[in-house]
Amino acid sequence: MALDIQERRPAGIDLSEHGRSEGGQAITLDARLFIQVLVYTGCQDARAAAQALAEAGIEGALYADLNDPNGIGIVVLNQSADYFVTELRALLQQHPFNGYSPRRAYTMFGRTYSIGYENDLEEVLIARPHRHVCNPDWSWAIWYPLRRTGEFEFLSNTERRKVLMEHGGIGQAYGRADHAHDVRLACFGLDRNDNDFVVGLLGRELHPLSATIERMRKTRQTAQYLGQMGPFFIGKALWQSAMP
């Protein structure tokens, strides 16, 4: 008889995502969205790829690669990590995907996460990232991984919050102005290059996304505490699944 998932976890270890209700009460949710970015070259007709993704019921998007006229990028969302090595794996081993050449340096994989103050964890972890990727009005996208330096982890909690608030405040301002909308993923132990995070910036036009990254370069987090960024995948959506 299979053990209940709670019984299999060591006592005292909480893997849930944490937030705060509007009344200040602690809330938790043991769910998250996994997102993978896969990039291919050798695709001369992306319509076949779009049709295959749609027929398979994939949740995500298909992009034309800005820097490769025969390139595409596929972004796939699912709440189960198993999905990526079962159903998605089987799909990508078939036509037309088995005729493309993967650009493995651009593969990214991560999970949504909470910071600890969010008052609607299902919205933050599941619904909002899904809407951002699938919003037909936000067809341009830049996806990239990054890794912080070890020095950031030795900052005091107060100093760390200051660094993150400066960075996050810029992102929120660009989002309110409808210039750029982000998807933030943790990828600790999930990335062959030992990155910490994957970031997706999505919007109506490409220039504001580039301008957002330019503005972020002047923050303490980027200028002082990031050890590596990229490679960057830049694309425009050719197909997106329906918004939730």
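Small disclaimer: the values here were computed from a predicted structure and weren't measured. (Residues numbered from 1 in each chain as written. Predicted model: local features only at pLDDT ≥ 70, side-chain atom pairs only at ≥ 80, totals over all residues. Heavy atoms only, no water.)

This next bit is on the pairing of strand β5 (residues 72-78). Of all seven residues in β5, seven are buried, a share of seventy percent or more. Every second residue of β5 is oriented toward a common face, with Ile 72, Ile 74, Val 76 and Asn 78 on one face and Gly 73, Val 75 and Leu 77 on the other, all of them buried. The pairing of strand β3 (residues 34-41) with β5 spans seven bridges and is antiparallel. Bridged to Val 39 within β5 is Gly 73. Pairing between strand β4 (residues 60-65) and β5: five bridges, direction antiparallel. Each bridged residue has a counterpart across the sheet, and for Tyr 63 the counterpart in β5 is Gly 73. Between the antiparallel neighbours β4 and β5 lie six residues. (Buried < 20%, exposed > 50% of the residue type's maximum accessible area, 1.4 Å probe, protein only. Helix = DSSP H or I, 4+ residues; strand = E, 2+ residues; numbered from the N terminus. Pairing = 2+ DSSP bridges.)

What follows covers the state of the cysteines. On inspection of all chains with the given rule, the structure shows zero disulfides. We note that Cys 43 lacks a disulfide partner, and the nearest cysteine sulfur, in Cys 134, lies 19 Å from it. In this structure Cys 43 comes out as buried when scored by relative accessible area, which is 4%. Looking at Cys 134, the relative accessible area reads 2%, which means it is buried. (Disulfide = S-S within 2.5 Å.)

Let's shift gears to the nonpolar core. One broad rule of soluble globular proteins: the nonpolar side chains tend to lie buried together. If you look at the biggest cluster of nonpolar residues, it comprises 24 residues, and the most contacted ones within it are Ile 35, Tyr 63, Val 75, Val 133, Trp 143 and Val 183. For this core, the secondary-structure elements that each account for two or more residues are β3, β4, β5, α5 (121-134), β8 (140-148), β9 (181-186), β10 (197-203) and β12 (233-240). The dominant element in this core, judged by the number of residues it contributes, is α5, at five residues. Within the second largest apolar cluster, 23 residues are counted, among which are Leu 62, Ile 72, Tyr 83 and Phe 109. (Core = buried A, V, L, I, M, F, W, Y, C linked by side-chain atoms within 4.5 Å.)

Moving on: the packing of helix α6 (residues 157-176) against helix α7 (residues 206-216). Contact pair α6 / α7: the axes reach a minimum separation of 10 Å and the direction vectors enclose 160°. One way to sum up the angle between α6 and α7 is to call them roughly antiparallel. The element α6 and its partner α7 pack so that their crossing is right-handed. Contacts between α6 and α7 involve His 167, Ile 170, Gly 171 and Tyr 174 from the first element and Pro 208, Ala 211, Thr 212, Arg 215 and Met 216 from the second. In terms of residue class, the contact of α6 with α7 is built from five nonpolar, three polar and one charged. (Axes fitted to C-alpha atoms, helices over the stretch in contact; angles between N-to-C directions. Parallel < 35°, antiparallel > 145°, perpendicular 65-115°, else oblique. Left-handed = near helix turned anticlockwise from the far one by under 90°. Contact = heavy atoms within 4.5 Å. Nonpolar A, V, L, I, M, F, W, Y, C, P; charged D, E, K, R; others polar.)

Along β10, seven of the seven residues are buried, which leaves the element largely enclosed by surrounding structure. Covered by surrounding structure in β10 are Phe 197, Val 199, Leu 201 and Gly 203 together with Val 198, Gly 200 and Leu 202, the residues of both alternating faces. Across seven bridges, the pairing between β8 and β10 is antiparallel. The partner of Ala 141 across the bridge, within β10, is Leu 202. For β9 and β10, the ladder comprises six bridges, and the chain directions are antiparallel. Bridge pairing links Asp 182 to Leu 201 in β10.

Next up on the list: the side chain of His 130. Within the secondary structure, His 130 is located in helix α5. The class of His 130 is buried, set by a relative accessible area of 9%. If we ignore the near neighbours within four places in the chain, the residues touching His 130 are Leu 33, Glu 59, Leu 77, Ser 241, Ala 242 and Pro 244.

Turning next to unusual backbone geometry. Here His 95 and Pro 96 are connected by a cis peptide whose omega angle stands at 5°. Considering the arrangement of structural elements, one finds Pro 96 in the loop between α4 (87-92) and β6 (101-102). For the bond running from Gly 230 to Pro 231, omega is 10°, close enough to zero to count as cis. The topology assignment puts Pro 231 in the loop between β11 (226-229) and β12. Not every positive phi belongs to a glycine, and Asp 178 is a case in point at roughly 60°. Assignment of secondary structure puts Asp 178 in the loop between α6 and β9. For Asp 194, which is not glycine, the phi torsion reads 60° and is therefore positive. The residue Asp 194 is located in the loop between β9 and β10 in this model.

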